[in-house]
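One-letter residues, chain by chain:
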Amino acid sequence: MGGRLLLVCRLLVRDLRRRRTETVLLLIAITAATGTLTIGLALNDALAGPYERTRAATAGPDVVAMPGATGPDALAALAPLPTGPGVTAHSGPYPIAFLMLTAHGKTVQAVVQGRDGSPAALDRPAVTAGTWVRPGGVVVEPTFANALGVHVGDTVAIGGRSLRVVGTAVTAARAVYPNADWRYDFGSPLVQLAGLVWVDRSEIGVLAGGRPLSYTLNLRLADPQASASFRHLSSGGIEYTSWRQIAEADGRLVKKAHLALQVGSWLLTALAVASVANIVAGRVVDQRRRVGLLKAVGAGPAMIAVVHLAEYLVIGLAAAGIGLAAGWLAAPALTNPGAGLLGSVGVHPPALRTVVTATVLALAIAAAATVAPVLRAATTDTVHALADAATPPRRRRWRVWLSRRLPTALLIGVRVNARRPRRARLVMVNTLITTTALAALLMGLAQDRQVKLGDSELANPQDTRTLQAMLLVIGVLCVLALINAIVSTWTAVLDARHPLAVARTLGATPAQVTGGMAVAQLLPATPGVALGIPLGIGLYLVVSPGEIRYAPASWMLAMALAVLLAVAVLTAIPALTTTRHPVADALRSTPT
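Chains are numbered independently. Their residues run from 1 in the order of the written sequence. For this predicted model, a pLDDT threshold of at least 70 governs which residues receive local features, and a threshold of 80 or more governs which side-chain atom pairs are given and counted, while totals over whole chains, interfaces and linings are taken from all residues. The side-chain numbers reported here are obtained from all heavy atoms of the structure, hydrogens and water having been left aside.

Another aspect to go through is the overall build of the protein. Helix numbers and strand numbers start at the N terminus; a helix is a DSSP run of H or I with at least 4 residues, a strand a run of E with at least 2. Of the regular secondary structure elements, the protein holds 20 helices and 13 strands. Think of it in three bands: residues with accessible area under 20% of the maximum for their type are buried, residues over 50% are exposed, and the middle band is partly exposed, with areas taken using a 1.4 Å probe on protein chains only. Counting the 592 residues in the protein, one finds 51% classified as buried. Two residues qualify as a contact provided that any one of their heavy atoms is within 4.5 Å of a heavy atom in the partner residue. If you take every contact in the protein between residues at least 6 apart in sequence, the share linking residues at least 24 apart comes to 83%. The accessible surface values rely on the Shrake-Rupley method and a 1.4 Å probe; as for residues, cover is taken only from the protein chains in view. Total accessible area on the protein is roughly 26200 Å²; 64% of this is exposed by carbon and sulfur atoms.

This is the structure:
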């Protein structure tokens, strides 16, 4: 037993040292899938975790009360609430007005709240930049500030009066932009999109220009379950908003981005399996002769399978560690404080659930992609393994008749795919997944990512974050697909160098040989592209319900042609390199 284990370890180390490039490619393929999955799992906490941290750091209320009345009537309606049964703490009432804010030439709706300079018992907004409110200044909620493009030191106008932006702050007592609930009339059930700002309490009456003010009151309840039993209700002319309602509104900022990352991780996992299978297939084909030698000296199928699987499982474990680290470091970019929430998902190590899931995924990718070719090699006859022959094409009369009438380049491409049909299927899978993702991205780019606030439009943070997540996934996926295509084309050219030399001996020109190899890759890639476009559109429609704007057909056509052109170019480069070598050298080499 010890001798067999030593043999496995020695062969494992030898293969990793001799095939460093392929080992790195395997690491990249599996790392891409595990890293994306780690980001998706980490963003599960972004739906509630940052709000919980913000609520704890800012002493967020359990319930926010706002009457439909204004002025003294509003204060009279709120007066009994602080001493009501089950209320343990309160802050306010704070004056509130629904006004118009102008910044950088855009006039938008803004919920303006008057606050004191001293901290309150409940709802103490956390300043993320600059300072808290003071006379002549305004503090803007960060997501609203990002959409407006304003920073500390800029000047904005509220109610026709200029105010300097003195800071940005986050709160758990009102939903972030664009869900701050702006109203034409107090007590109206109709709310509109808006952002939240704070001003000095002494100035809000002047900014309102004589319009009546209403008030909000923050409450802390003795029974936490009491506020969790409802989201929003009206009673006695007062609207009560639970912290759960606010948390759900804030969570929608990253919900679609989280879904995009989840779907992207599925696509990356499928592409990683195809990529690993492509690399492993080439390695196993190259190792058939060693399989025959091991069988010749007495090794059984189980021993041969262990020798090969151990190498890929070790690579899978290493990729899991790298993917976890990369995903953990990248996750905060999608949940930064600009989302109107405190903290980020990357400040703590990944949860045990995330570590276990990513590790299992990495090992599953390595195993799923390697089991079939490894078992096929282990069960191969010893003589056949030592001969290391390619799959012989099935010769039938109609095929022979048809091949005699095909152009030379097309005939070469068909024969290359007939020798290695599994590689052709992997090329189709690679282009299918890539085209699906690109088609979904084009659908996302075609959408209107603006929200209307009054007479102006601002960027929708939810759609912006979703597009960021999609670009992240598509970027990683395209890199992985490019690596997969390079590996596939180079492997195909090297594997076919002997048949190509024979074709050149029989009169095929270097241009025909190069075209034949390009055709060999384009034949399976074309149906992959044709199927990927409707699949990508359908995938976007499934994960993005609602009113959808379709991408122009010209975009889809240009993307399809670009994918096919990339496949052709990536194949032509190694094929041209091969045709520069003398035919005699290729014929003297041993075919693989």
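Another aspect to go through is the confidence of the model for the protein. Counting all residues, the mean pLDDT for the protein is 76, and 74% of those residues have values of 70 or more. The pLDDT score gives, residue by residue, the confidence of the prediction method on a 0 to 100 scale. Predicted confidence in the protein is weakest over helix α12 (residues 382-387), with a mean pLDDT of 54, and strongest over strand β5 (residues 137-140), with 92.

Turning next to helix α4 (residues 71-78). Restricting attention to buried positions, one finds in α4 the residues G71, A74 and L78. Buried positions in α4, seen along its axis, are confined to an arc of 50° and lie on one side of it. In α4, those exposed residues whose orientation departs by more than 90 degrees from the buried face are P72, D73 and A76. Contact partners of the buried residues in α4: β1 (63-67), β2 (87-103), β9 (214-221) and β11 (238-242). Read the arc as the range of directions from the helix axis to the C-beta atoms.

The subject of this paragraph is helix α15 (residues 421-445). Residues separated by three or four positions in an α-helix point in the same direction, a consequence of the helix having 3.6 residues per turn. What a helix should span is 1.5 Å times the count of its residues minus one. With 25 residues, α15 should reach 36 Å at 1.5 Å per residue; the first-to-last C-alpha distance of 36 Å fits that figure. Of all 25 residues that make up α15, 18 are buried, and the element is covered over most of its length.

A few words now on a nonpolar patch on the surface. Patch definition: residues above 30% relative accessible area lacking any salt bridge, with like charges linked at up to 9 Å and the nonpolar side chains Val, Leu, Ile, Met, Phe, Trp and Tyr linked at up to 5 Å. A pair is scored as a salt bridge if a Lys or Arg side-chain nitrogen falls within 4 Å of a carboxyl oxygen belonging to Asp or Glu. On the surface, L482, I486, W490, L565, V569 and I573 cluster together to form a nonpolar patch covering roughly 530 Å² of accessible area. Of all the elements in the fold, those that place two or more residues in the nonpolar patch are α16 (461-495) and α19 (553-579). Assignment of secondary structure puts W490 in helix α16. Here W490 falls in the partly exposed class, since its relative accessible area comes to 36%.

How two aromatic rings sit relative to each other is set out by the distance from centre to centre and by the angle between their planes. Any pair of Phe, Tyr and Trp rings, taking the six-membered ring for Trp, is counted once the centres come within 6.5 Å. Such a pair is stacked with planes under 30 degrees apart, edge-to-face with planes over 60 apart, and tilted for the rest. Going through the model one piece at a time under the given rule, you end up with 2 aromatic pairs. Two conditions define a charge sitting above a ring: the NZ of Lys or the CZ of Arg must be within 6 Å of the ring centre, and it must be within 35 degrees of the ring normal. A cation over a ring is seen here: R55 above W243, with NZ or CZ 4.4 Å from the ring centre. Just above the ring of Y94 sits the side chain of R115; from NZ or CZ to the centre is 3.9 Å.

All right, on to the pairing of β2 then. Within a regular strand, side chains alternate between the sheet's two faces. For two strands to be treated as a pair, DSSP must find at least two bridges joining them. Examined bridge by bridge, β2 and β9 share 7 bridges and lie antiparallel to one another. Bridge assignment links I96 to a residue of β9, and that residue is S214. Linking β2 back to strand β3 (residues 106-115) in an antiparallel pair, the connection comprises 2 residues, with H104 at a positive phi of about 50°. Pairing between β2 and strand β6 (residues 155-158): 2 bridges, direction antiparallel. Among the inter-strand pairings, L101 is bridged to a residue of β6, identified as I158.

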